[in-house]
Amino acid sequence: TIARVVGNGLTNIVCIGDSITADVYPANLLTLLGNTYGVVNSGVGSAGIQDISARYGGVPGLVLNDLSVPAATTGFVLPAINNKNQTASFQIAPRFNLANAQDAYSPVLIDNESFNLVLTESGGVVTTTLTRVTAGTAFTIKAGSKIYPASMTKYRNNFTPIFFMGTNNVADYNFDLPTYTPTIISYHKDNLKLVTTSSFLVLGLFN
């Protein structure tokens, strides 16, 4: 059982990564460390470094195109997003462990407006739906606006983070790790700038 705990006096750990994180780290950590620890599973299957870093807030996701926001609390679809170092779009949750991604992102903050975020999957396609937390005036989110995840407040203070990213980006570079290594490291560094504890762990694909 993964303990989702905040402010309960336990030593808290948040595991941020892809399916290796989602399927392995939290459960094994609880077994090794015991009940004095609380472990949050923020691993998402098939996630690349873009989503993983955006999920923690180290490299916020960017809205790709102008997006009309209704005045009412009516759901609307958030298309794919991107962030620095990659011009290609990516999904907030590529394939698996949607609950983990939803827990880390929702509610998101865009243009100082809070939105509840819901992820659904059909036929291998993940749809991201946003709903305003509070009704207001209709407006347009401009392309390039930053998407700040809830994990920036949920899992930053009083949590020891574990980062594992890079596995699902290797294929894009024909397994040429020497070429892609600086990009992976830069994403790790951007996340580490936001770590508020002196304890953290970075796991990677490097000798």
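The text that follows walks through the structure, step by step, so that each part is easy to find. Everything quoted here is computed from the prediction, not taken from an experiment. (Residues numbered from 1 in each chain as written. Predicted model: local features only at pLDDT ≥ 70, side-chain atom pairs only at ≥ 80, totals over all residues. Heavy atoms only, no water.)

Here we have four strands laid out as an open sheet, ordered 2-1-13-14, and parallel in their pairing. Unpaired on one side and paired on the other, strand 2 (37–43) and strand 14 (201–203) mark the two borders of the sheet. Across this sheet, the average inter-strand angle for adjacent strands is 15°, counted without regard to direction. Two elements, strand 13 (residues 159–164) and strand 14, share three bridges in a ladder whose sense is parallel. Note that in strand 14 the partner of I162 across the bridge is L201. Contacting strand 1 (11–17), strand 2, strand 13 and strand 14, helix 2 (residues 25–33) runs over the sheet at an angle of about 165° to strand 2. (Pairing = 2+ DSSP bridges. Helix = DSSP H or I, 4+ residues; strand = E, 2+ residues; numbered from the N terminus. Axes fitted to C-alpha atoms, helices over the stretch in contact; angles between N-to-C directions. Contact = heavy atoms within 4.5 Å.)

What follows is about helix 3 (residues 49–56). The element helix 3 is largely enclosed, with a buried count of eight among its eight residues. Those residues of helix 3 lying buried are I49, Q50, D51, I52, S53, A54, R55 and Y56. Just downstream of helix 3 lies G57, where phi reads positive at about 100°. (Buried < 20%, exposed > 50% of the residue type's maximum accessible area, 1.4 Å probe, protein only.)

Let us now look at the packing of aromatic side chains. Counted according to the given criterion, the structure contains four aromatic pairs. Ring centres of F76 and F115 lie 5.9 Å apart, and the angle between their planes is 85°; on these two criteria the pair is classed as edge-to-face. Residue F76 is located in strand 5 (residues 76–77), and its partner F115 is located in strand 9 (residues 113–122); the two are separated by 39 residues in the primary sequence. Taken individually, F76 and F115 each receive the classification buried, so the pair is uniform in this respect. Judged by centre distance (5.3 Å) and plane angle (70°), the ring pair of Y155 and F159 falls under edge-to-face. Residue Y155 shares its accessibility class with F159, and that shared class is buried. The ring of Y56 has R156 sitting right over it, with the charged end atom 4.4 Å from the ring centre. (Phe/Tyr/Trp six-rings, centres within 6.5 Å; stacked < 30°, edge-to-face > 60°. Lys NZ or Arg CZ within 6 Å of the ring centre and 35° of its normal.)

The next thing to look at is the pairing of strand 2. Most of strand 2 sits out of view: six of its seven residues are buried. Direction of pairing for strand 1 relative to strand 2: parallel, over a ladder of seven bridges. Bridge pairing in strand 2 links T11 to Y37.

A word on the pattern of salt bridges. With the rule as written, the count across this model stands at four salt bridges. With a shortest N-O distance of 3.3 Å, R132 and E113 are connected by a salt bridge. Separated by 19 residues along the polypeptide, R132 in strand 10 (residues 125–132) and E113 in strand 9 bring together distant segments of the chain. Classification of E113 by relative accessible area gives buried; the value is 17%. The closest approach of N and O atoms between K193 and D190, which form a salt bridge, is 3.5 Å. For K193, a relative accessible area of 65% puts it in the exposed group. (Salt bridge = Lys/Arg side-chain N within 4 Å of Asp/Glu carboxyl O.)

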